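Take a look at the letters that make up each chain.
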Amino acid sequence: MRGTRPPCDSDVLNERPLGRSFYFRPTLRVARDLLGKILVHASAEGCAAGRIVEVEAYRGPSDRAAHSAGGRRTPRTETMYGPPGHAYVYFVYGMHHCVNVVTRAAGVPEAVLIRALEPVAGVELMRLRRGFAAGPDWRLCRGPGSVCRALGLTRVHDGSDLVTGPLQILDASRVAAARVARTPRIGVDYAGAHAALPWRFLVVGSRAVSGTRARTGVA
DNA sequence: GAATAGATTGTCT
DNA sequence: GACAATCTATTCT
């Protein structure tokens, strides 16, 4: 059964959540298709949402950059091994959280990291959570750690069902191929040859995409 | 605008 | 004990 939409005021969110079948597909396709979709978190504090403009695919045992590299299975990575359409949230660098979307069948530890959003709802709440009073909206969810901070996501949300839970991804129009760029992934230099694979997808021209201008495609 | 350093702790060896 | 799918301030050009 398909879940109901979290309660949000913005008209921009007048779309249905993506169903399980969206996530039950090859990871690179899910990654590319996530661009333009709306990530929403309805919490007790309120609702916050943003349009996905940057993602990275992590492809299981054979991908040395993935947490599941070599089939590594620990309490932290357990969610990656679970069924598709769930959130894999982990803690890094002693201070940041990152959200992923689990893809493919249970037992196949692949996922897509959400790296950046363009805020579309709950901007004031995002500012509060980020401690970011002044400055442009497009800085609020720029980079995976910032996304979690702005949406109020922590490991409590690890394993949360994206189809029925308070954290969902709503459908939205597809980003045209001409606006999509692919590059190597960020921060995975330790992964040897796998570090060079073009598994980062971004919306060309979006200010919210992380990294320097040359990397974001902003003119 | 670009490069660099420092912060800070869970997770795995 | 080493390192990590990062962010921000600072210090340059």
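Report on the accompanying structure. (Residues numbered from 1 in each chain as written. Chains lettered and ligands numbered in written order. Predicted model: local features only at pLDDT ≥ 70, side-chain atom pairs only at ≥ 80, totals over all residues. Heavy atoms only, no water.)

Some words on the protein's contact with DNA strand B
If you check the shell around DNA strand B, you find 9 residues, and the closest are Thr74, Tyr93, Gly94, Met95 and Arg155. Close to the protein, within 4 Å, the atoms of DNA strand B belong to sugar or phosphate groups at a rate of 76%. One of the backbone nitrogen or oxygen atoms of tyrosine 93 is found 2.6 Å away from a base oxygen of DNA strand B. Within the side chain of arginine 155, one N or O atom sits 3.0 Å away from a sugar or linking oxygen of DNA strand B. A breakdown of the residues in the surface near DNA strand B according to their chemical character gives 3 nonpolar, 3 polar and 3 charged. (Near = heavy atom within 4 Å. Polar contact = N/O pair within 3.5 Å; in protein donor to acceptor, adjacent residues only side chain to side chain. Nonpolar A, V, L, I, M, F, W, Y, C, P; charged D, E, K, R; others polar.)

Some remarks on the layout of surface pockets
A volume near 380 Å³ is recorded for the largest pocket. Taken together, 21 residues form the lining of the largest pocket, with Tyr58, Tyr90, Val92, Leu113 and Ile186 sitting closest to its centre. When residues of the lining of the largest pocket are traced back to their parent elements, those giving at least two are β3 (87-92), β4 (96-103), β5 (110-121) and α4 (144-151). Here the residues of the lining of the largest pocket are counted per class, giving 15 nonpolar, 5 polar and 1 charged. (1 Å grid on protein atoms, 1.4 Å probe; cavity = no way out; pocket = protein on both sides within 12 Å on 5 of 7 lines; lining within 4 Å. Points joined across faces, edges and corners; volume = space filled by probe spheres on them. Helix = DSSP H or I, 4+ residues; strand = E, 2+ residues; numbered from the N terminus.)

Structural notes on the protein's contact with DNA strand C
Lining the immediate environment of DNA strand C, one finds 20 residues, of which His67, Asn100, Arg130, Gly145 and Tyr190 sit closest. What you see for DNA strand C is that sugar and phosphate hold 56% of its atoms within 4 Å of the protein. In this structure, a phosphate oxygen belonging to DNA strand C sits 2.5 Å away from a side-chain N or O atom of histidine 67. Breaking the surface near DNA strand C down by element, the ones donating at least two residues are β4, β5 and α4. Looking at the surface near DNA strand C element by element, the count peaks at 3 residues for α4. In the surface near DNA strand C, the residues fall into 10 nonpolar, 7 polar and 3 charged.

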